[in-house]
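For reference, the chains in residue letters:
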Amino acid sequence: MFQGFSQNAIDFLWGISLNNERGWFMAHKQDFTDYVDVPMRELGKAVFSALAEDYPKQDWRLHGRGPYKEHLWFTIERPHERFESVPALYFELAPNYYSYGCGYWDASPATMAKLRRRIETDPKRLEKLVRKLNKSRFTLSGEQFKRPKGDVGKLLNPWYNAKNIAVGYDDNPEGVLFTPELKDEVLAGFRELMGLYLYLDSLAGDPEPNKE
């Protein structure tokens, strides 16, 4: 059962960020297991199980990564081919922040072209989602094209002219991070972002604009 992370987890991540080599890790492997890996797995499983009950028709998998990095994460996403662009719900822990949100790790140009076409032909659904997001704790990130692809209005321009899409919330590694309530916060955030996740995931079914 997830009980929260601890300062020991943050100390380990700072340590591996300064000593990113096998020898240091092996000397601190038990710290990684006890303070980082086990609680991360417990958090991922708890959040995944709750979402699977909420959305039983979704075919999701829980995916994680580590440990030779100064940050670790897990994602909830549908199974896909290796190079297919799919959105994911994510949680990430680093020595100087924790973060959770929704978006693409690296959206393909074809996926972003589909998004632009969707905005051009049916902007209302995304407008509703963006207005809701703009009143939340989540913020849009992702590199913008130096030369904008077009002007679709102030509300959707940051989405239309993005090279990649990610919406997230970052906080300092303290407070709720060290409590069982982190699970409830992350789960509430994922539920709040579910409309955006489903919208982005549905782009896979759109034809590529240059192949119509």
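First, a word on scope: everything that follows refers to the structure included in this document. Per-chain numbering applies: the sequence of each chain, read as written, is numbered from 1 onward. In view of the model being predicted, local features appear only for residues whose pLDDT reaches at least 70, and side-chain atom pairs are presented and counted only at 80 or more, with totals across whole chains, interfaces and linings using the full set of residues. The side-chain values count all of the structure's non-hydrogen atoms but skip hydrogen atoms and water molecules.

1. Digging into the overall build of the protein
Helix and strand labels come from DSSP, where a helix needs a run of H or I of at least four residues and a strand needs a run of E of at least two; each type is numbered from the N terminus. For the protein, the count of helices and strands is seven helices and six strands. Reading the secondary structure of the protein in the N-to-C direction produces α-α-α-β-β-β-β-α-α-β-α-β-α. The globule rule used for comparison is 2.2 Å times the number of residues to the exponent 0.38, while the radius of gyration itself is calculated over C-alpha atoms. For the protein, the C-alpha radius of gyration of 19 Å lies close to 17 Å, the compact-globule estimate for 212 residues. Projected onto its principal axes, the C-alpha coordinates of the protein cover approximately 55 × 35 × 30 Å. Only protein chains enter the area calculation, which uses a 1.4 Å probe; residues under 20% of their type maximum are buried, those over 50% are exposed, and those in between are partly exposed. Here the protein holds 212 residues, and 43% of them are scored as buried. Between two residues, a contact is recorded if the distance between any of their heavy atoms is within 4.5 Å. Summarising the internal contacts of the protein: among those between residues at least 6 apart in sequence, 67% fall at separations of at least 24. Here the open area of atoms and residues is found with the Shrake-Rupley method and a 1.4 Å probe, where only the protein chains shown may cover a residue. Entry remark: accessible area of the protein is about 11,800 Å², with carbon and sulfur atoms responsible for 48%.

2. What about the side chain of Ser85?
Residue placement: Ser85 occurs in the loop between strand S2 (72–77) and strand S3 (88–94). In terms of polar contacts, Ser85 uses its side chain to reach the backbone amide nitrogen of Ser108, at 2.8 Å. In this view, Ser85 contacts Tyr104, Asp106, Ala107, Ser108 and Thr111; residues no more than four positions away in its chain are not counted. Identification of polar contacts relies on pairs of N or O atoms within 3.5 Å, with a donor-acceptor requirement for protein atoms, meaning one able to donate a hydrogen and the other able to accept it, and with residues adjacent in sequence counted only if both atoms are side-chain atoms.

3. Focus on the environment of Ala162
Among the secondary structure elements, Ala162 is positioned in the loop between helix H6 (157–160) and strand S6 (166–171). Considered as a pair, Ala162 and Ile119 are 43 residues apart in the sequence and their alpha carbons are 12 Å apart. Residues within four places of Ala162 in sequence aside, it is in contact with Met112, Arg116, Glu143, Gln144 and Phe145.

4. Regarding the packing of aromatic side chains
Note on aromatic contacts: the rings of Phe and Tyr and the six-membered ring of Trp form a pair at centre separations within 6.5 Å, being stacked when their planes are under 30 degrees apart, edge-to-face when over 60 apart, and tilted otherwise. A complete count under the given rule lists 13 aromatic pairs for this structure. Relative to Phe5, the ring of Phe2 has its centre 5.7 Å away and its plane inclined at 70°; by these criteria the two rings are edge-to-face. Taking the centre distance of 6.3 Å and the plane angle of 35° together, the rings of Trp73 and Trp105 count as tilted. Placement of the pair is Trp73 in strand S2 and Trp105 in the loop between strand S4 (97–103) and helix H4 (109–121), with a sequence separation of 32 residues. You can call Trp73 buried: its relative accessible area is 13%. The class of Trp105 is exposed, set by a relative accessible area of 73%. Taken together, Phe2, Phe5, Phe74, Phe91 and Tyr98 form an aromatic cluster joined through their ring pairs. A ring has a charge above it when a Lys NZ or an Arg CZ is no more than 6 Å from the ring centre and no more than 35 degrees off the ring normal. The aromatic ring of Tyr199 is capped on one face by Arg118, whose charged end is 4.9 Å from the ring centroid. Here the guanidinium or amino end of Lys149 rests over the ring plane of Phe145, the centre of that ring lying 4.7 Å away.

5. A short note on the pattern of salt bridges
When a carboxyl oxygen of Asp or Glu is within 4 Å of a side-chain nitrogen of Lys or Arg, the pair counts as a salt bridge. By the definition in use, this model includes nine salt bridges. With a shortest N-O distance of 2.7 Å, Asp54 and Arg191 are connected by a salt bridge. Here Arg191 lies in helix H7 (residues 181–202) and Asp54 lies in helix H3 (residues 29–54), a separation of 137 residues in the sequence. A relative accessible area of 36% means that Asp54 is categorised as partly exposed. Glu143 serves as the salt-bridge partner of Lys163, at 3.4 Å between the closest nitrogen and oxygen. In this pair, Lys163 sits in the loop between H6 and S6 while Glu143 sits in the loop between strand S5 (139–141) and H6, placing the two residues 20 residues apart along the sequence.

Without other data, these values stay purely geometric and don't point to any function.
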